[in-house]
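# Tertiary structure, described
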Amino acid sequence: MRRAAGWAAGAAAAVLVAAGAITYAVAGDDGGSRVPSAGSADAGFARDMAVHHQQAVEMSYIVRDRTKDEEVRRLAYDIAQTQANQRGMMIGWLDLWGLPKVSSEPPMAWMGMGEVPSAGEGSLMPGMATDAEMEKLGTLSGRRAEVYYLQLMTEHHKGGVHMAGGCAEKCTVGVERRLARGMVEAQESEIRLMADMLAERGAKPRS
C-alpha cells in the first residue's frame, strides 16, 4: 500500500509542477526575451520528447484494457497522465516560441547523435517500441500483458532518461532544464519500481 501511495503522490506532484511551469514558460524564464532557435537543444528536446511521451501514453492505455491487476493499472494510469501533461507543456512551448513541431533533422540530432539506428518500424528513438511490439501488447492479456508492458516501458524509460539527461546538459531555458531533470529522477525511480514488479511476476527487464 505504501508503494501505491508513493506512485499517486509522485504522479500528483509531477502534474502540479508541470501545470505550474506552463504558466510562466514563455520564450525564456530567466528574465530575458530570447527565443530558442528551431535547431536548438530546447526545441529539439521539446519535439522529440513529445513524440516519445505519446507512445508511452498509448502503451499505458493499451495495458489498462488488457489486465485487471490494480498495481499495473495504477502505474500505467500514472505514467499516462504525467506524460500526457508534460507532452502538452512541450507542444505549448513550441507554439509560444513560434517554432515548428516537426524537423527535417533526424530525431535527437540536437544531442549530436545524427542518424540513430532504428530497432524497427515505429521505433523512432532509443527505447521506443516498434509497431510490431505495440501490436503484440494489444494481443496479450493478464500476466503476459503485465510483464510485456513492464519490459517495454522499462526500455522506454531508459531512452527517455538518456534524452532528458541531454536536455539537462544542453537546454538553455531554465524551466525546460528543470523539467528534464525531474524526468530523469522520476523515470529512474519508476525503472527500479518496474524491476521489482517484474521480479514479483517471475520475470526480468530485457537488459
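A few points on the structure. No experiment lies behind these values; they were computed from the predicted model shown.

Following both chains from N to C, one finds helix α2 (residues 41-64) and helix α5 (residues 142-170) inclined at 165 degrees, their axes separated by 10 Å at the closest point. By the angle between their directions, the pair α2 and α5 is classed as roughly antiparallel. Every pair of crossing elements has a handedness; the one defined by α2 and α5 is left-handed. The segment α2 lies against α5, with Ala 41, Phe 45, Asp 48, Met 49, His 52, Gln 55, Ala 56, Met 59, Ser 60 and Val 63 engaging Ala 145, Tyr 149, Leu 152, Met 153, His 156, Gly 159, Gly 160, Met 163, Ala 164, Cys 167 and Lys 170.

Before going further, it helps to spend a moment on the packing of helix α3 (residues 70-97) against helix α6 (residues 174-200). In the contact formed by α3 and α6, the axes pass within 12 Å of each other and the chain directions differ by 160 degrees. Our classification of the angle between α3 and α6 gives roughly antiparallel. Relative to α6, α3 is oriented so that their crossing is left-handed. Where α3 approaches α6, its residues Glu 71, Val 72, Leu 75, Ile 79, Gln 83, Gln 86, Met 89, Met 90, Trp 93 and Trp 97 are matched on the opposing element by Val 175, Glu 176, Leu 179, Met 183, Gln 187, Glu 190, Leu 193, Met 194, Met 197 and Glu 200.

Glancing now at the pattern of salt bridges. Applying the stated criterion across every chain, the model contains nine salt bridges. For Glu 71, the salt bridge is made with Arg 201, and the minimal N-O distance between the two is 3.1 Å. Of this pair, Glu 71 sits in helix α3 while Arg 201 is found in the segment after α6, placing the two residues 130 residues apart along the sequence. One salt bridge connects Glu 200 with Arg 201, and the closest N-O pair in it is separated by 3.7 Å. Glu 200 gets classed as partly exposed once you look at its relative accessible area, which sits at 47%. Each of Asp 69, Glu 71, Arg 143, Glu 146, Glu 200 and Arg 201 takes part in one network of salt bridges that share partners.

Parameters and conventions
Residues numbered from 1 in each chain as written. Predicted model: local features only at pLDDT ≥ 70, side-chain atom pairs only at ≥ 80, totals over all residues. Heavy atoms only, no water. Axes fitted to C-alpha atoms, helices over the stretch in contact; angles between N-to-C directions. Helix = DSSP H or I, 4+ residues; strand = E, 2+ residues; numbered from the N terminus. Parallel < 35°, antiparallel > 145°, perpendicular 65-115°, else oblique. Left-handed = near helix turned anticlockwise from the far one by under 90°. Contact = heavy atoms within 4.5 Å. Salt bridge = Lys/Arg side-chain N within 4 Å of Asp/Glu carboxyl O. Buried < 20%, exposed > 50% of the residue type's maximum accessible area, 1.4 Å probe, protein only.

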